[in-house]
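Below are the chains, spelled out letter by letter.
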Amino acid sequence: MVASEYQLEAHPVIPKGKPFLLVVLDGWGENKEDEFNAIYKAECPTIKSLKEGAPRRWRTIKAHGTAVGLPSDADMGNSEVGHNAMGAGKIIQQGASLVDNALEDGSMFTGAGWNFAKESWANGGTLHFIGLLSDGGVHSRTDQLFALMYGASDHGCKRIRVHVLTDGRDVPDGSSIKYVGQLEKECENLRSHGCDAKIASGGGRMYVTMDRYEADWNIVERGWRAHVLGDAPNKFESALDALTKLKEENPKLNDQFYPPFVVVEKDGSPVGTIEDGDVVVNINFRADRVIQISKAFEYENFDAFDRVRWPKVKYLGMMQYDGDLKLPSNYLIAPPLIEGTSGQYLCANGVRTFACR
Ligand SMILES: O=C(O)[C@H](O)COP(=O)(O)O
């Protein structure tokens, strides 16, 4: 007997009781049929036969923008929002939108996470931000970072250090110089208003910090050494210098793969290591590529690499990145409570599923 809230009407076209296959074709889509459309130009006999063989059943669905809960239709889709939308079985507000809403209505700066973070700078600690620096909107966005920096300064923060991960994957390669330039301008502006804000370290997202699925902990270790310990083979007096000079040395260097670098004072000392009493905010709203660095900050027992020093900091995610692990335990935006997910319907209706990837 299916609980009434999970009872479904018969589908008008798809017959009941037949196996149903949900296949996700990564990067596949229908669009204007012109010479720039590779899918249209290619020979795709299987898809063509599926489409032409069952024209009454062929549908297209939107996988980007507001249709999957992103802030605007200019936002491209990505794997996480696709998983979330299909898993929820409905349009839910995705991380990017939740952060935007909290910044817009001001609740970002009154929530439990913000108040927890504030205690650190009230006691003289430095506020560190770590995350992907671009406006790709897949893992993070620069405008959200800037809003947090100004919000912190307005709430009495006197020292900010930013640890930047260059993108070139969700945005064009070579664009990182622009994002770092924008961030340096914002830091300069904050400094002129009495908040000592600087970029302290960085590196390319695919080589520094943002590993996923525990594929290569060396990536995370490089980030830890640069951000926390101020230790990297490349030291420069500014992040802009770092990107420009490293690119001059190796013109083929892609933004995704910048080696780790540390910004130093004239005497060679790092401008912003992470110390006891500081607060670290991870600005990525998307979870997959920041779970490992979050474990490094959060777990007392940690053996994925030698941290050398484990500073006693308050660590917060923009969101909670893993609800099962409750990781991290502190975050700026609470995860949404989603009821009536696809999985709940399938289970309640006794439909057995097998998922693979
Ligand atoms: O993390 C990545 O590799 C990209 O930013 C997004 O890729 P995905 O959405 O296809 O996982």
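The rules we used
- Residues numbered from 1 in each chain as written.
- Predicted model: local features only at pLDDT ≥ 70, side-chain atom pairs only at ≥ 80, totals over all residues.
- Heavy atoms only, no water.
- Near = heavy atom within 4 Å.
- Polar contact = N/O pair within 3.5 Å; in protein donor to acceptor, adjacent residues only side chain to side chain.
- Areas by Shrake-Rupley, 256 points an atom, 1.4 Å probe, with all protein chains shown as cover.
- Patch = residues over 30% accessible without salt bridge, like charges linked within 9 Å, V, L, I, M, F, W, Y side chains within 5 Å.
- Salt bridge = Lys/Arg side-chain N within 4 Å of Asp/Glu carboxyl O.
- Lys, Arg positive; Asp, Glu negative; His and termini not counted.
- Charge placed at Lys NZ, Arg CZ, Asp CG, Glu CD.
- Helix = DSSP H or I, 4+ residues; strand = E, 2+ residues; numbered from the N terminus.
- Buried < 20%, exposed > 50% of the residue type's maximum accessible area, 1.4 Å probe, protein only.
- Phe/Tyr/Trp six-rings, centres within 6.5 Å; stacked < 30°, edge-to-face > 60°.
- Domains from an automatic or database assignment.
- Buried area = accessible area lost by both parts, 1.4 Å probe.
- Nonpolar A, V, L, I, M, F, W, Y, C, P; charged D, E, K, R; others polar.
- Pairing = 2+ DSSP bridges.
- Axes fitted to C-alpha atoms, helices over the stretch in contact; angles between N-to-C directions.
- Contact = heavy atoms within 4.5 Å.

Peer 1: Just checking my understanding: could you explain the site of the ligand for this structure?
Peer 2: Looking at the ligand, the residues that line it are Asn78, Ser79, Val138, His139, Arg169, Asp170, Arg205, Arg212, Arg286 and Arg289. Residue His139 places a side-chain N or O atom 2.8 Å away from an oxygen atom belonging to the ligand. Here Arg205 contributes a side-chain N or O atom positioned 2.9 Å from an oxygen atom of the ligand. Contact with the protein chains covers 85% of the free accessible surface of the ligand, which is 310 Å².

Peer 1: For this particular structure, what's the right way to read a positive patch on the surface?
Peer 2: The grouping of Lys18, Arg56, Arg57 and Arg59 at the surface amounts to a positive patch. With respect to the helices and strands, Arg56 occurs in the loop between helix 2 (45–53) and helix 3 (79–88). When its relative accessible area of 67% is taken as the criterion, Arg56 is described as exposed.

Peer 1: So what exactly am I meant to see when it comes to the packing of aromatic side chains here?
Peer 2: With the rule as written, the count across this model stands at nine aromatic pairs. Every member of this aromatic cluster is reached through a ring pair, and the members are Trp217, Trp224, Phe297, Phe302, Phe305 and Tyr315.

Peer 1: Explain the domain arrangement of the chain here, please?
Peer 2: How big an interface is tends to be stated in terms of the accessible area lost upon association of its parts. The domain architecture assigned to the chain consists of domain 1 (3–94 + 336–348) and domain 2 (106–333). Inter-centroid distance (C-alpha atoms) of domain 1 to domain 2 is 34 Å. In this assembly, domain 1 packs against domain 2 so that about 540 Å² is buried in total across both faces, 48% of it on carbon and sulfur atoms. By the criterion of area lost to domain 2, the three top residues of domain 1 are Met76, Asn78 and Glu80, representing 66% of everything that side buries. Scanning the region where domain 1 abuts domain 2 turns up zero salt bridges. The interface formed by domain 1 and domain 2 contains two residue pairs in polar contact (both at pLDDT 80 or more). A class-by-class count of the residues in the side of domain 1 that touches domain 2 yields two nonpolar, two polar and one charged.

Peer 1: I would appreciate a short explanation of the sheet that holds strand 5 (residues 261–263) in the present structure.
Peer 2: One open sheet accounts for eight strands, arranged 4-5-3-2-1-6-7-8; its pairing is mixed. This sheet does not close on itself; its edge strands, each paired only once, are strand 4 (234–236) and strand 8 (331–333). Taking each pair of neighbouring strands and ignoring which way they run, the sheet shows an average axis angle of 20°. In the sheet, strand 6 (residues 279–282) pairs with strand 7 (residues 314–319) via four bridges, with the strands oriented parallel. Paired with Val279 across the strands is Lys314, a residue of strand 7. Where helix 6 (residues 142–154) meets the sheet, it contacts strand 1 (127–133), strand 2 (159–166), strand 3 (196–204), strand 7 and strand 8, and its direction lies at approximately 170° from that of strand 1.

Peer 1: Can you walk me through unusual backbone geometry in this structure?
Peer 2: Apart from glycine, the bulk of residues carry a negative phi angle, and the bulk of peptide bonds sit in the trans form. The omega torsion across Leu327 and Pro328 is -10°, close enough to zero to call that bond cis. Within the element layout of this structure, Pro328 appears in the loop between strand 7 and strand 8. A positive phi is found at Tyr213, a non-glycine position, where the angle reads about 55°. Mapped onto the fold, Tyr213 is located in the loop between strand 3 and helix 8 (217–229). Unusually for a residue other than glycine, Lys326 sits at a positive phi of about 55°. For Lys326, the location among the structural elements is in the loop between strand 7 and strand 8.

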